[in-house]
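Observations on chain architecture
If you want the building blocks of each chain, they are given just below.
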Amino acid sequence: MQRLALFDLDNTLINLDEAFQVWAGEFAKKHDLGCEAVDWLIALDRAGYPHREAFFTKVRDRFTLPESVDDLWSRYRQRMPYLVRCRPEVMDGLSRLRASGWKVAIVTNGTADNQLGKIQRTGLAEAVDAYALSGVDGIRKPDIGLFEVAAKRCGAVLADGGWMIGDHLVADIGGGRAAGLRTIWVDRQTWPNQEHEADHVVTDVLQAMEILHAVR
């Protein structure tokens, strides 16, 4: 099996939940919504409204905000790249993988401005060999097409195998398996008691990297 490692971005290489909490605090303060609003925003996010158009429709209605949903969503996308971070040890882990012969790419869903901004501002653009973004390439995980794009940009083909590492059981694990890849699920306790077919389960992406280093 070729040494190809595809990583999800949000809540895999970077802690989006942490950045979202910071954003929620800023948003509540800017609109003078109070502390209870922060808890409500976080709860709404965790309740399964990751698509931000639907999310901000509910936010606008809840707080009767004058801005349009498009404006709220646009400002969120502009702000988030400045709030996310990639831990130094994760950056070091990516460097170690590449130094040991792995081709490494990011495969992520999301709008082009938001996701590309995160990848560039965190330094991940230089820490990987390639990346494939649904907002740029017009394909969303779990469609295997996005995995194919990432592999091709690494000079690889999915037929020769590889690994997909991510936190989403459908987009990352299901999609990775459909693409013929072995999978490592980063379990962040958002899918309690959910059956899965991941090859390995970890709680941190650093553990996933150690599994890859042990591959022969």
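Further up the page is the structure itself.
Here we look at the environment of Val 59
Among the secondary structure elements, Val 59 is positioned in helix α3 (residues 52-63). For the pair Val 59 and Leu 41, spaced 18 residues apart in sequence, the C-alpha to C-alpha distance is 7.7 Å. Leave out the neighbours within four places in its chain, and Val 59 touches Phe 27, Trp 40, Leu 41, Leu 44 and Leu 65.

A few points about the pattern of salt bridges
Following the criterion strictly, the structure yields 15 salt bridges and no others. Close ionic contact of Arg 87 with Glu 89 constitutes a salt bridge, the shortest N to O distance being 3.8 Å. We classify Arg 87 as partly exposed; its relative accessible area is 25%. Between Arg 98 and Asp 129 there is a salt bridge; the shortest N-O distance is 3.0 Å. Residue Arg 98 is found in helix α5 (residues 88-99), and its partner Asp 129 is found in the loop between α7 (124-127) and β3 (130-133); the two are separated by 31 residues along the sequence. Asp 129 gets classed as partly exposed once you look at its relative accessible area, which sits at 27%. What you see here is one network of salt bridges that share partners, running through Asp 8, Lys 141 and Asp 172.

Let's talk about the sheet that holds strand β5 (residues 182-186)
If you walk across this open sheet you meet the six strands as β3-β2-β1-β4-β5-β6, and the pairing is parallel. Looking at the sheet topology across the chains shown, the edges are occupied by β3 and β6 (200-202). On average, each strand axis in the sheet is inclined to that of its neighbour by 20 degrees, with strand direction left out of account. In this sheet, β6 lies alongside β5 in parallel orientation, the contact comprising three bridges. Residue pairing for β6: Trp 185 is matched across the bridge by Val 201.

A short note on helix α1 (residues 16-30)
With 15 residues, α1 should reach 21 Å at 1.5 Å per residue; the first-to-last C-alpha distance of 21 Å fits that figure. Considered for burial, the residues of α1 that qualify are Leu 16, Ala 19, Phe 20, Trp 23, Ala 24, Phe 27 and Ala 28. Seen along its axis, α1 keeps its buried residues to an arc of 170 degrees; they face one direction. Residues of α1 that are buried in the fold lie against α2 (35-46), α3, α4 (69-79) and α6 (112-121). The opening residue of α1, the one whose side-chain oxygen lies 3.2 Å from the backbone nitrogen of Asp 17, is Asn 15. The first or second residue beyond α1 is Asp 32, which carries a positive phi of 55 degrees.

Some remarks on the nonpolar core
Judged by nonpolar contacts, the single largest core of 52 residues is most densely connected at Phe 7, Trp 23, Leu 124 and Ile 165. In terms of residue count, the dominant contributor to this core is α1 (seven residues). Beyond its immediate chain neighbours, meaning those up to four positions away, Leu 124 contacts Leu 9, Leu 13, Ile 14, Cys 86, Met 91, Leu 94, Ile 106 and Ile 119. Ranked by size, the runner-up nonpolar core spans 17 residues in total, among them Leu 4, Val 107, Ala 156 and Leu 181.

Section: the packing of aromatic side chains
Enumeration according to the criterion identifies 10 aromatic pairs in this entry. Consider the rings of Trp 23 and Tyr 76, whose centres lie 5.2 Å apart with planes at 85 degrees: the pair is edge-to-face. One end of the pair, Trp 23, is in helix α1; the other, Tyr 76, is in helix α4, with 53 residues separating them in the sequence. Summarising the burial analysis for this pair, Trp 23 and Tyr 76 share the class buried.

Looking at the state of the cysteines
Enumeration according to the criterion identifies zero disulfides in this entry. Left unpaired, Cys 86 is separated from the closest cysteine sulfur, that of Cys 154, by 17 Å. On the basis of relative accessibility, which here comes to 11%, the residue Cys 86 falls in the buried class. Exposure remark for Cys 154: the relative accessible area of 6% places this residue in the buried category.

The rules behind the values
Residues numbered from 1 in each chain as written. Predicted model: local features only at pLDDT ≥ 70, side-chain atom pairs only at ≥ 80, totals over all residues. Heavy atoms only, no water. Helix = DSSP H or I, 4+ residues; strand = E, 2+ residues; numbered from the N terminus. Contact = heavy atoms within 4.5 Å. Salt bridge = Lys/Arg side-chain N within 4 Å of Asp/Glu carboxyl O. Buried < 20%, exposed > 50% of the residue type's maximum accessible area, 1.4 Å probe, protein only. Pairing = 2+ DSSP bridges. Axes fitted to C-alpha atoms, helices over the stretch in contact; angles between N-to-C directions. Expected span 1.5 Å × (residues − 1). Arc of directions from axis to C-beta. Polar contact = N/O pair within 3.5 Å; in protein donor to acceptor, adjacent residues only side chain to side chain. Core = buried A, V, L, I, M, F, W, Y, C linked by side-chain atoms within 4.5 Å. Phe/Tyr/Trp six-rings, centres within 6.5 Å; stacked < 30°, edge-to-face > 60°. Disulfide = S-S within 2.5 Å.

In short, geometric facts, not functional conclusions.
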